[in-house]
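# Breakdown of the fold
One letter stands for each residue in the lines below.
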Amino acid sequence: VFILIEDFSKAMSQAGSSQFQEVIRQELEYSMKIELDKILATASSNELEHTKKDLEGFKKLFHRFLQEKGPSVDWGKIQRPPEDSIQPYEKIKARGLPDNIASVLNKLVVVKLNGGLGTSMGCKGPKSLIGVRNENTFLDLTVQQIEHLNKSYNTDVPLVLMNSFNTDDDTKKILQKYSHSRVKIYTFNQSRYPRINKETLLPIAKDVSYSGENTECWYPPGHGDIYASFYNSGLLDNLIAEGKEYIFVSNIDNLGATVDLYILNHLMNPPNGKRCEFVMEVTNKTRADVKGGTLTQYENKLRLVEIAQVPKAHVDEFKSVSKFKIFNTNNLWIALSAIKRLQEKNAIDMEIIVNPKTLDGGLNVIQLETAVGAAIKSFENSLGINVPRSRFLPVKTTSDLLLVMSNLYSLNAGSLTMSEKREFPTVPLVKLGSSFTKVQDYLRRFESIPDMLELDHLTVSGDVTFGKNVSLKGTVIIIANHGDRIDIPAGAVLENKIVSGNLRILDH
């Protein structure tokens, strides 16, 4: 059925009869089923079982995609969350810790979302293997943090990595280097779903292979896939059998997402005796966070609302810092027994995110995804905890990398903390231009990382390099126009400076 997705939406909205809509839907689903059966027929006997599971999961998502049209929230039903549904972290910390904190820790599993590649930073392979501090990668720091916990409290907190088909092989190779560390490491794989042609709404893959020219035909369907994949892997049941009760889930590139004993204690020993099945760490929005998902009250449940779900007329309102003051850090604490119960009832409800992509050859495709935090409304007794900004330290770009590599942070047992020498706790705003996007270009342009303890704002654009031991203070803007080059000399101190034009330091 060759039908443009826009035309499909239009036809759906204009169609007088729901019968007509149903016919189109059924034809699209039938065509999809035929294509998926063809793909499944190319699977070898050892691929068959997991490919079948993946395609079944995809079929359910595609069915829902055809049913649901338009923004998935009714703006009129959105309310501010009740006072007690988002607790300040200070209140939770004030309860202190019990003497038996080790026995509480032994009920915890740390899960890191490790499906992403380093392509946005110009790196090949898993993002978790990019060096972020003193040659340590994201994965090194994670293992160091958990090892430190296990040694300090004589506990056995395991690390679970949710890999994707993009990151699994490389990650498994590197895991051998931790074989003597005091952390048990497990992995499981996200599903692998077919990308679909935006015009025909059919898969672009012709067979199950995903190497060579077929790499672009498949995608991992977002971190909302964790519930089904974790359950299907058998690991969820094994951990429950070992007496584990909660997982702490976070993105592997969020260097602020360390195990917090106060939150864990609040979960295991709730003040009112009623345990939470799901806790989302939120933090206060700044102007830089206007697109982050926010927690609202919706139909008497806490609900995560993402910008993609907001009707166009209300996007500015959604972005306002005064109305929606917090956003989701994607640090989540979830009860294992609740995941098992909901997964078995097929009762985890997450909105579909339609992610449009243009492939290298110019073909427009869409991939259907879900987000892990969106499931909050399916769990009982959910809670938001408003945590300090220091628990949200994501490294998405080389601008973020510059911050975490600098003397703004001290590294201790795998954890980064803001240096005590910085007089105010806010993080400087850093914007590095396109010449710095790729990690190797970025590293080449800094002979050493500048002193940034007194920096408020840095903007760098164009062909700029930094010598050794440069100090940046206040607001510094460095702009090399097209064709010009600026070399900041070794030992330079730039305080509230705008540097532009052409500055070549040949000898000094």
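Residues numbered from 1 in each chain as written. Predicted model: local features only at pLDDT ≥ 70, side-chain atom pairs only at ≥ 80, totals over all residues. Heavy atoms only, no water.

## Focus on the overall build of the protein
Where we set the bar: Helix numbering and strand numbering both begin at the N terminus, where a helix is a DSSP run of H or I of at least 4 residues and a strand a DSSP run of E of at least 2. What the globule rule says is 2.2 Å times the number of residues to the power 0.38, and the radius of gyration is computed from C-alpha atoms. The contact rule is simple, with two residues in contact once any of their heavy atoms fall within 4.5 Å. Values of accessible area rely on a 1.4 Å probe in the Shrake-Rupley scheme; residue burial ignores everything except the protein chains shown.
Across its full length, the protein holds 14 helices and 25 strands. For the protein, the C-alpha radius of gyration of 24 Å lies close to 23 Å, the compact-globule estimate for 508 residues. Summarising its shape, the C-alpha atoms of the protein cover approximately 75 × 65 × 50 Å along the three principal directions. Of all intrachain contacts in the protein linking residues separated by at least 6 positions in sequence, the fraction that spans at least 24 positions is 71%. Entry remark: accessible area of the protein is about 23,900 Å², with carbon and sulfur atoms responsible for 49%.

## Structural notes on helix α13 (residues 398-405)
In plain terms, the rule: Buried residues are those whose accessible area, probed at 1.4 Å on protein chains only, stays under 20% of the maximum for their type, while exposed residues exceed 50% and partly exposed ones sit between those limits.
Taken across its eight residues, α13 has six buried, putting it largely inside the fold. Residues T398, S399, L401, L402, L403 and V404 constitute the buried set of α13. Tucked inside the fold, the buried residues of α13 contact β3 (131-133), β18 (409-412), β19 (415-418), β20 (429-432), α14 (439-445) and β21 (451-461).

## Focus: the domain arrangement of the protein
Formally: Each domain's extent was defined by an automatic or database domain assignment. Buried area is calculated as the accessible area (1.4 Å probe) missing from two parts once they are joined, with the contributions of both summed. Only one rule defines a salt bridge in this text: a Lys or Arg side-chain nitrogen within 4 Å of an Asp or Glu carboxyl oxygen. Basically, the charged four are Asp, Glu, Lys and Arg, the nonpolar ten are Ala, Val, Leu, Ile, Met, Phe, Trp, Tyr, Cys and Pro, and anything else, Gly included, counts as polar.
Examined at the domain level, the protein breaks down into domain 1 (75-391) and domain 2 (398-500). Centre-to-centre separation of domain 1 and domain 2, based on C-alpha positions: 30 Å. On the domain 2 side, the residues contacting the 15 residues of domain 1 number 16 residues. The contact between domain 1 and domain 2 buries some 1,300 Å² in all, and 63% of this surface belongs to carbon and sulfur atoms. Taken as a group, M121, R133 and L255 account for 44% of the area that domain 1 buries against domain 2, more than any other trio of residues on that side. Counting every contact that joins domain 1 to domain 2 gives zero salt bridges. Put simply, the parts of the chain that give the side of domain 1 that touches domain 2 at least two residues each are β3 and α6 (138-153). Looking at which element gives the most residues to the side of domain 1 that touches domain 2, the answer is α6, with four residues. The residue inventory of the side of domain 1 that touches domain 2, partitioned by class, reads five nonpolar, nine polar and one charged.

## Let's talk about the pattern of salt bridges
In this structure the tally under the stated criterion is 26 salt bridges. Taking the shortest distance from any N to any O, the salt bridge between E380 and K301 comes out at 3.8 Å. Of the two residues, E380 is situated in the loop between β16 (364-369) and β17 (383-386) and K301 in strand β13 (residues 301-305); the sequence distance between them amounts to 79 residues. The exposure class of E380 is partly exposed, given its relative accessible area of 44%. With its nearest N and O atoms 3.9 Å apart, the salt bridge here joins K473 to E454. Of the two residues, K473 sits in strand β23 (residues 471-479) while E454 sits in strand β21, which places them 19 residues apart along the sequence. Classification of E454 as partly exposed rests on a relative accessible area of 46%. The network of salt bridges with shared partners includes R303, D349, E351 and K377.

## Points about the UniProt feature "binding site: UTP" (unreviewed entry) in the protein
Put simply, the rule reads: UniProt positions are given in the numbering used here, feature names are shortened, and annotations may be inferred rather than shown by experiment. Lining residues are defined by having an atom within 4 Å of a point belonging to a cavity or pocket. Those points lie on a 1 Å grid over the protein atoms alone, cavities being sets where a 1.4 Å probe fits but cannot get out and pockets being open sets with protein on both sides within 12 Å along at least five of seven lines.
In the numbering adopted here, UniProt assigns the feature "binding site: UTP" (unreviewed entry) to K127, Q190, G222, D253 and K396. Here the residues from the annotation list that line the second largest pocket are Q190. Tracing the chain through its elements places K127 in the loop between β2 (108-114) and β3. Tracing the backbone shows D253 in the loop between β10 (246-251) and α10 (261-268). With residues up to four places along the chain from it excluded, the contact list for D253 reads K127, F138, L393, P394, V395 and K396.

## With respect to the nonpolar core
Among soluble globular proteins, nonpolar side chains are generally buried collectively. Test applied: Buried residues of nine kinds, namely Ala, Val, Leu, Ile, Met, Phe, Trp, Tyr and Cys, make up a nonpolar core once their side-chain atoms join them within 4.5 Å.
With 107 residues, the main nonpolar core has I226, Y227 and F466 as its most contacted residues. The residue makeup of this core includes at least three contributed by each of domain 1 (75-391) and domain 2 (398-500). Residues in contact with Y227, not counting those within four places in the same chain, are F278, I334, I339, Q343, I348, M350, V372, A375 and F379. L66, I196, V365 and I366 belong to the second-largest nonpolar core, a separate cluster that totals 28 residues.

## A word on the packing of aromatic side chains
Stated precisely, the cut-off is as follows: Geometry of aromatic contacts follows a simple scheme: Phe, Tyr and Trp rings, the Trp one being its six-membered ring, pair when their centres are within 6.5 Å, and the pair is stacked under 30 degrees between planes, edge-to-face over 60, tilted otherwise.
One pass over the full model with this rule turns up 15 aromatic pairs. Plain terms: the ring middles of F62 and F65 are 6.1 Å apart, the flat faces sit at 35° to each other, and that makes the pair tilted. Pair noted here: F62 and F65 are both in helix α3 (residues 45-67), with a separation of three residues, about one helical turn. Residues F62 and F65 agree in their burial class; the two are buried. When the ring of Y227 is compared with that of F379, the centres are 6.1 Å apart and the planes differ by 45°; the resulting orientation is tilted. Taken together, the residues Y227 in helix α8 (residues 226-232) and F379 in the loop between β16 and β17 connect sequence positions 152 residues apart. Of the two residues, Y227 and F379, both sit in the buried class.

## Details of the side chain of N197
What counts, and what does not: Counting of polar contacts relies on pairs of N or O atoms within 3.5 Å, with two restrictions inside protein: one atom must be capable of donating a hydrogen and the other of accepting it, and residues adjacent in sequence are counted only when both atoms are side-chain atoms.
Mapped onto the elements, N197 comes out in strand β8 (residues 196-197). With a relative accessible area of 16%, N197 lands in the buried category. At 2.7 Å, the side chain of N197 forms a polar contact with the backbone nitrogen of E199. Apart from the residues lying within four places of it in its own chain, the contact partners of N197 are L202, I204, L363, N364 and V365.

## What about the sheet that holds strand β1 (residues 86-88)?
The condition that has to hold: A pair of strands counts as paired when DSSP detects no fewer than two bridges linking them. The axes are straight lines fitted to the C-alpha atoms, using for helices just the contacting stretch, and the angles between their N-to-C directions are given from 0 to 180°.
If you walk across this open sheet you meet the eight strands as β1-β17-β11-β14-β10-β2-β5-β6, and the pairing is mixed. What marks the edges here is a single partner per strand, and that holds for β1 and β6 (185-189). Ignoring strand direction, the axes of neighbouring strands in this sheet form an average angle of 25°. As paired strands, strand β11 (residues 278-284) and β17 are joined by four bridges and run parallel to one another. Within the sheet, the bridge partner assigned to M280 lies in β17 and is G384.

## Some words on the UniProt feature "binding site: substrate" (unreviewed entry) in the protein
UniProt's entry tags H223 with the feature "binding site: substrate" (unreviewed entry), counted in the numbering of this structure. If you trace the backbone, H223 turns up in the loop between β9 (218-219) and α8. Excluding its chain neighbours within four sequence positions, the residues that come into contact with H223 are L113, M162, Q190, N251, N330, T370, A371 and V372.

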